[in-house]
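Here are the chains, one letter per residue:
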Amino acid sequence: MRYEYMEIGMSDLEKLNIFSPCVLQRIAEIGFLASEYGFHEKAEQIFLGMALAKPDSSAPAVSLAVVHARSGRLQDAINGLKHAAGVFPASEMVKAMLGAFLVEAKQDGALELFEAVLASRQEPGAVNIVECWLDQARKLKEEGAARRTDTGSLAFFRHHNIRP
């Protein structure tokens, strides 16, 4: 049996409804499974492809950030979500995940992002993430304030209590 191949353009794929929500959901599941089994590069390719297919959606950027975090590239995940926050400023999921990763990396800024999500409450999934990470973000902010205070007092103590 002989197969004939033809070139398929983007409009042909759109006619096939290849970008339907159901198909994209399945592709995302494959990407997450790939990441869970350690195929991070393949998962990254899947989500980069989804970003090209759906440039108006923040979901591929969030998914890509998860892959980066799983592969030990937490700062890449944070940087990607900071970029996504500029492109999709209304996305609560971007804010929630960025906040979660900031807490994980012990960096500032999570609490403000979480408060914005809780003020709006438009995306239930994002609200759930915020509720899971909110206490840790508050503790991190308190610890940061305590560290800044302690450092100042320690410097004062050393300066005035060291004898030659």
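Here, every reference points to the structure presented above.
Residues numbered from 1 in each chain as written. Predicted model: local features only at pLDDT ≥ 70, side-chain atom pairs only at ≥ 80, totals over all residues. Heavy atoms only, no water.

A. Representation of helix H5 (residues 74-87). Spanning 14 residues, H5 covers 20 Å between terminal C-alpha atoms, matching the ideal 20 Å at 1.5 Å per step. Among all positions of H5, only Ala77, Ile78, Leu81 and Ala84 are buried. The buried residues of H5 occupy one face: seen down the axis, they fall within an arc of 125°. Turned more than 90 degrees from where H5 packs its buried face, His83 and Gly86 sit exposed. Looking at the buried residues of H5, the elements they touch are helix H4 (59-70) and helix H6 (92-104). (Helix = DSSP H or I, 4+ residues; strand = E, 2+ residues; numbered from the N terminus. Expected span 1.5 Å × (residues − 1). Buried < 20%, exposed > 50% of the residue type's maximum accessible area, 1.4 Å probe, protein only. Arc of directions from axis to C-beta. Contact = heavy atoms within 4.5 Å.)

B. How the structure looks around the nonpolar core. The biggest cluster of nonpolar side chains holds 27 residues, and the ones touching the most others in it are Leu81, Met97, Phe101 and Phe114. Every element with two or more residues in this core is listed here: H4, H5, H6, helix H7 (110-120) and helix H8 (124-161). For this core, the leading source of residues is H6, giving 8 residues. Excluding its chain neighbours within four sequence positions, the residues that come into contact with Phe101 are Ala65, Val66, Ala69, Leu74, Ala77, Ile78 and Leu81. Of all hydrophobic cores here, the second largest spans 8 residues; its members include Leu24, Phe47, Leu64 and Val67. (Core = buried A, V, L, I, M, F, W, Y, C linked by side-chain atoms within 4.5 Å.)

C. Fine view of the environment of Val67. Examined against the element boundaries, Val67 turns out to sit in helix H4. Taking the relative accessible area as the measure of exposure, Val67 reaches 0% and is therefore buried. Spatially, the C-alpha atom of Val67 lies 9.3 Å from that of Ala34, the residues being 33 residues apart in sequence. Excluding residues within four positions of it along the chain, Val67 makes contact with Ser35, His40, Ala43, Glu44 and Phe47.

D. Structural detail: the packing of H6 against H7. At a closest axis distance of 8 Å, the pairing of H6 and H7 adopts a crossing angle of 150°. By the angle between their axes, H6 is roughly antiparallel relative to H7. Of the two elements, H6 crosses H7, and the hand of that crossing is left-handed. In contact with Glu92, Lys95, Ala96, Leu98, Gly99, Ala100, Leu102 and Val103 of H6, H7 contributes Ala110, Leu113, Phe114, Ala116, Val117 and Ser120. Partitioning the contact of H6 with H7 into residue classes produces 10 nonpolar, 2 polar and 2 charged. (Axes fitted to C-alpha atoms, helices over the stretch in contact; angles between N-to-C directions. Parallel < 35°, antiparallel > 145°, perpendicular 65-115°, else oblique. Left-handed = near helix turned anticlockwise from the far one by under 90°. Nonpolar A, V, L, I, M, F, W, Y, C, P; charged D, E, K, R; others polar.)

E. Expanded view of H6. The first and last C-alpha atoms of H6 sit 18 Å apart over 13 residues, in line with the 18 Å expected at 1.5 Å per residue. In terms of burial, H6 is largely enclosed, as 10 of its 13 residues are buried. Restricting attention to buried positions, one finds in H6 the residues Glu92, Val94, Ala96, Met97, Leu98, Gly99, Ala100, Phe101, Leu102 and Val103.

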